[in-house]
Number of protein chains: 2
Amino acid sequence: MNSADPTRTPRSRRERPAKPALSRAGIVAAAVHVLRTEGLGKVTMRRLARELDTGPASLYVYVRNTDELHAAVLDELLAEVDLSPAREPGGEWRERLTRLLTSYLEMLFRHPSLARSALTVHPAGAHYLDLVEALLVLLREGGVSDARAAWGVDLLLQYATAMAAEHAGDHPDSLDDTFTAIATASPARHPELARLGDVLVAGGGAGRLSWGFATLIAGIEAAPEPPVTGA
Amino acid sequence: MNSADPTRTPRSRRERPAKPALSRAGIVAAAVHVLRTEGLGKVTMRRLARELDTGPASLYVYVRNTDELHAAVLDELLAEVDLSPAREPGGEWRERLTRLLTSYLEMLFRHPSLARSALTVHPAGAHYLDLVEALLVLLREGGVSDARAAWGVDLLLQYATAMAAEHAGDHPDSLDDTFTAIATASPARHPELARLGDVLVAGGGAGRLSWGFATLIAGIEAAPEPPVTGA
DNA sequence: ACCTGAACACCGTTCAAGT
DNA sequence: ACCTGAACACCGTTCAAGT
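Small disclaimer: the values here were computed from a predicted structure and weren't measured.

Remarks on the confidence of the model for chain A
Residues of chain A with pLDDT of at least 70 account for 85%, and the chain-wide mean is 85. Every residue in residues 1-16 of chain A is under pLDDT 50, and counting partners more than four places away or in other chains gives two contacts.

Following this line, the structure appears as structure tokens:
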């Protein structure tokens, strides 16, 4: 018994800064770091393995696959969303709801590549639950029925996420092509397009976004009650 | 002048079935075929090059990049959408609008992998213009103002596309995890989640979809007029 | 147990060189 | 001009083997 030293894993001290043991949290932290510095495109198993000074196979002990990793990253980023509009009773509920959603959307805009994956990969982490809870609180405050609120939350989050995802593509070529196609629409085959050309292309910015939120909220209030099939 | 034969490119007849000359249309057709048989995941430059009996570099003469290829495939598939509800005056406009959108959505459901890319890559092809035109016609018939219709079309298409994209992920693991997280929400930290648990998870099918369409249409009718900034 | 080297089967895109 | 072989710089995931 020559191992009297209580500090764990003494081993041979290397030049490297200690190489902390692998863990899910460590992997996700590294992933967030790579996301912030280089975008989601670089958040790959192989890249992270290099970052953590190991081989890609090692990560599969803690993460099921790349999609799950991205979901974990998203949940981490969700911590940045400002949920205070749901807590502090300042101002009208619709306006506070819009502020909260805008905060969510701004986070995704800061990491546009993440929005795409956010549409298909639903996180299951604590921060995601916090966000949904906050939205439900605000909708309830607005007198929205439970069934409407439950489905409405999905609609609102999906809209914000899709909005960010569209922006993420940001292929100026592709968008230009679409605009040109609309602008040069033949009045014979596409009379409405030709007539509305300007309006269709106009306003890609904040105005459209807040109109979208207002429209969704109005719809949630005005639409028929969802058919609640009790489980 | 020994080339009296009017048939072009006689060359040396090979075993291969003639190897038609490369063209953008041919590439897109091959891409659609691979999509139908193996999904968008296999619609890659390299795979298509193999399919067309050439090297991947050759495709770049006709297609800017992979995203543009996917957009072209989407526009091709858009031809499957049933636009008749916009032409035949049978039934209420809202109901016809929903039928048209459902047809669009069903197409994406048949090719779920395409929906994801449809969110970020806007097609500029003729079929896409046909679809937008049809939606505009129906909204106009419903007395929706031009500005509302212009922005509303985007909202409706985005909802349908995002719905299909979510379904596309189809990672049963990821969804199960989210459901479990909601079901086991702590009443202390997430009272609304705990209270509404059942309702939140309930109804992933057709009911939710048609509620979504109804909600959006109601919102478009009820929301404030968009601030039309004339170009 | 926990970890990993090496392998398998792929990618997008570019560019110098061929016809 | 139009086309392409070969190269560059990557991927996700698995599995047999090591400690």
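Let's talk about the side chain of T215 of chain B
Mapping T215 of chain B onto the fold places it in helix α12 (residues 206-222). Those residues within four positions of T215 of chain B in sequence are excluded, and the remaining contacts are L155, G219, I220 and A223 of chain A.

A closer look at the protein's contact with DNA strand C
Close to DNA strand C lie 17 residues; T54, A57, S58 and Y62 of chain A together with R46 of chain B are nearest. Here a phosphate oxygen of DNA strand C and a side-chain polar atom of Y60 of chain B are 2.9 Å apart. Contributing elements (two or more residues each) for the surface near DNA strand C: α3 (56-59) of chain A together with α2 (45-51) and α3 (56-59) of chain B. When residues of the surface near DNA strand C are assigned to their parent elements, the largest contribution, four residues, is made by α2 of chain B. Here the surface near DNA strand C is built from residues that sort into seven nonpolar, five polar and five charged.

What about the relation of the copies chain B and chain A?
Under the fitted operation, chain B is carried onto chain A by 0.0 Å of movement along the axis and a turn of 180°, and the coordinates agree to an RMSD of 0.0 Å. As the rotation angle and translation indicate, the two copies are arranged about a two-fold axis. Looking at the rotation axis and the C-alpha trace of chain B, the residue lying nearest is G219 of chain B, at 1.8 Å.

Some words on the protein's contact with DNA strand D
As a matter of local geometry, DNA strand D sits amid 17 residues, with R46 of chain A together with T54, A57, S58 and Y62 of chain B nearest to it. Here T54 of chain B contributes a side-chain N or O atom positioned 2.6 Å from a phosphate oxygen of DNA strand D. Residue composition of the surface near DNA strand D, by class: seven nonpolar, five polar and five charged.

Description of the domain arrangement of chain A
Residues and elements named next belong to chain A. Domain annotation for chain A reports domain 1 (19-63) and domain 2 (78-222). Domain 1 and domain 2 are separated by 30 Å when their C-alpha centres are compared. Between domain 1 and domain 2, roughly 370 Å² of surface is buried when both sides are summed, and carbon and sulfur atoms account for 63% of that area. Together, L35, R36 and L40 form the three largest contributors to the area buried by domain 1 at its contact with domain 2, with a combined 96%. Put simply, domain 1 and domain 2 have one salt bridge between them. In this structure, R36 engages E80 in a salt bridge whose closest nitrogen and oxygen atoms are separated by 2.8 Å. For the pair domain 1 and domain 2, the number of links is two residue pairs in polar contact (both at pLDDT 80 or more). Looking at the side of domain 1 that touches domain 2 residue by residue, the classes come out as two nonpolar, one polar and one charged.

A look at the pattern of salt bridges
On inspection of all chains with the given rule, the structure shows 32 salt bridges over all chains. E192 of chain A serves as the salt-bridge partner of R195 of chain A, at 2.9 Å between the closest nitrogen and oxygen. Here E192 of chain A and R195 of chain A lie together in helix α10 (residues 191-201), a separation of three residues that amounts to about one turn. Taking relative accessible area as the criterion, E192 of chain A reaches 8% and is therefore assigned buried. What emerges from the salt-bridge pattern is a single network uniting R140 and D146 of chain A together with E192 and R195 of chain B.

As for the interface of chain B and chain A
How big an interface is tends to be reported as the loss of accessible area on association of its parts. Each side of the interface is counted separately: chain B has 68 residues, and chain A has 68 residues. For the pair chain B and chain A, the summed buried area comes to about 6300 Å², and 63% of that belongs to carbon and sulfur atoms. A per-residue breakdown of the area chain B buries against chain A is headed by T120, W151 and W211 of chain B, which together make up 13% of the total. At the boundary of chain B with chain A, the tally comes to eight salt bridges. For R189 of chain A, the salt bridge goes to D130 of chain B, with nearest N and O atoms at 2.6 Å. For the interface between chain B and chain A, the tally reads 20 residue pairs in polar contact (both at pLDDT 80 or more). Of all the secondary structure elements, the ones that give two or more residues to the side of chain B that touches chain A are α7 (112-120), α8 (126-141), α9 (146-169), α10 (172-183), α11 (191-201) and α12 of chain B. Classifying every residue of the side of chain B that touches chain A gives 36 nonpolar, 15 polar and 17 charged.

Definitions and limits used
- Residues numbered from 1 in each chain as written.
- Chains lettered and ligands numbered in written order.
- Predicted model: local features only at pLDDT ≥ 70, side-chain atom pairs only at ≥ 80, totals over all residues.
- Heavy atoms only, no water.
- pLDDT = per-residue confidence, 0-100.
- Contact = heavy atoms within 4.5 Å.
- Helix = DSSP H or I, 4+ residues; strand = E, 2+ residues; numbered from the N terminus.
- Near = heavy atom within 4 Å.
- Polar contact = N/O pair within 3.5 Å; in protein donor to acceptor, adjacent residues only side chain to side chain.
- Nonpolar A, V, L, I, M, F, W, Y, C, P; charged D, E, K, R; others polar.
- Least-squares fit on C-alpha atoms with pLDDT ≥ 70 in both.
- Domains from an automatic or database assignment.
- Buried area = accessible area lost by both parts, 1.4 Å probe.
- Salt bridge = Lys/Arg side-chain N within 4 Å of Asp/Glu carboxyl O.
- Buried < 20%, exposed > 50% of the residue type's maximum accessible area, 1.4 Å probe, protein only.

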